[in-house]
Amino acid sequence: QTQTQFFNDAVAKLNAHDITARFGKVVHDLGLDRQKFEKANRDVKYNHAVRSSWKWSVAKGLYGTPMYAVNGALIPEAGTWSLRDWEALLAAL
């Protein structure tokens, strides 16, 4: 339900500050510590980690949700999988 606030059209005309403020509201609404979120959001270490993870994901074909990868392999049909499907895949590893 919250995710639609961050889809392309919903944020296309917003700047980074506005988007961060939206995330801050979600953090608050979830009862999480907004000050910790804002501090972590400003931290270069976390920024680098998130950007690196995003770049790796996009390079692997993972660019949205729900999308899944196991050991770096894209599992395109996994969005409809049951628990048994996942257990079968993981047992084979």
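Residues numbered from 1 in each chain as written. Predicted model: local features only at pLDDT ≥ 70, side-chain atom pairs only at ≥ 80, totals over all residues. Heavy atoms only, no water.

*Asks:* Just checking my understanding: could you explain the packing of helix α2 (residues 16-29) against helix α3 (residues 34-42) for this structure?
*Replies:* Two quantities define a packed helix pair, namely the angle between the axes and the distance from one axis to the other. With their axes 9 Å apart at the nearest point, α2 and α3 run at an angle of 145° to one another. α3 is crossed by α2, and the crossing has right-handed handedness. Taking contact as the criterion, the partners of Thr20, Ala21, Phe23, Gly24, Lys25, Val27 and His28 in α2 are, on α3, Arg34, Phe37 and Asn41. Counted by class, the contact of α2 with α3 contains four nonpolar, four polar and two charged residues. (Axes fitted to C-alpha atoms, helices over the stretch in contact; angles between N-to-C directions. Helix = DSSP H or I, 4+ residues; strand = E, 2+ residues; numbered from the N terminus. Left-handed = near helix turned anticlockwise from the far one by under 90°. Contact = heavy atoms within 4.5 Å. Nonpolar A, V, L, I, M, F, W, Y, C, P; charged D, E, K, R; others polar.)

*Asks:* Explanation requested: a nonpolar patch on the surface in the structure shown.
*Replies:* On the surface, a nonpolar cluster with roughly 360 Å² of combined accessible area is contributed by Trp54, Val58 and Tyr63. Considering the arrangement of structural elements, one finds tyrosine 63 in the loop between α4 (44-59) and β1 (69-70). (Patch = residues over 30% accessible without salt bridge, like charges linked within 9 Å, V, L, I, M, F, W, Y side chains within 5 Å. Areas by Shrake-Rupley, 256 points an atom, 1.4 Å probe, with all protein chains shown as cover. Salt bridge = Lys/Arg side-chain N within 4 Å of Asp/Glu carboxyl O.)

*Asks:* When you look at the packing of aromatic side chains in this model, what are you seeing that I'm missing?
*Replies:* Pairs of aromatic rings are described using the distance from one ring centre to the other and the angle between the two planes. Scanning the model with the defined rule gives three aromatic pairs in all. Ring plane angle 15° and centroid distance 4.1 Å describe the contact between phenylalanine 6 and phenylalanine 23, whose orientation is recorded as stacked. Taken together, the residues span a long stretch of sequence, with phenylalanine 6 in the segment before α1 (8-11) and phenylalanine 23 in helix α2 at a distance of 17 residues. For phenylalanine 23, a relative accessible area of 37% translates into the label partly exposed. A connected cluster of aromatic rings, assembled from ring pairs, spans Tyr68, Trp81 and Trp86. (Phe/Tyr/Trp six-rings, centres within 6.5 Å; stacked < 30°, edge-to-face > 60°. Buried < 20%, exposed > 50% of the residue type's maximum accessible area, 1.4 Å probe, protein only.)

*Asks:* How should I be thinking about the confidence of the model for the chain in this particular structure?
*Replies:* For residues with low pLDDT, the predicted coordinates do not support detailed interpretation. Scored by pLDDT, the chain has a mean of 88; 99% of the residues are at 70 or more. No element of the chain has a lower mean pLDDT than α1, at 82, and none a higher one than helix α5 (residues 83-91), at 94. (pLDDT = per-residue confidence, 0-100.)

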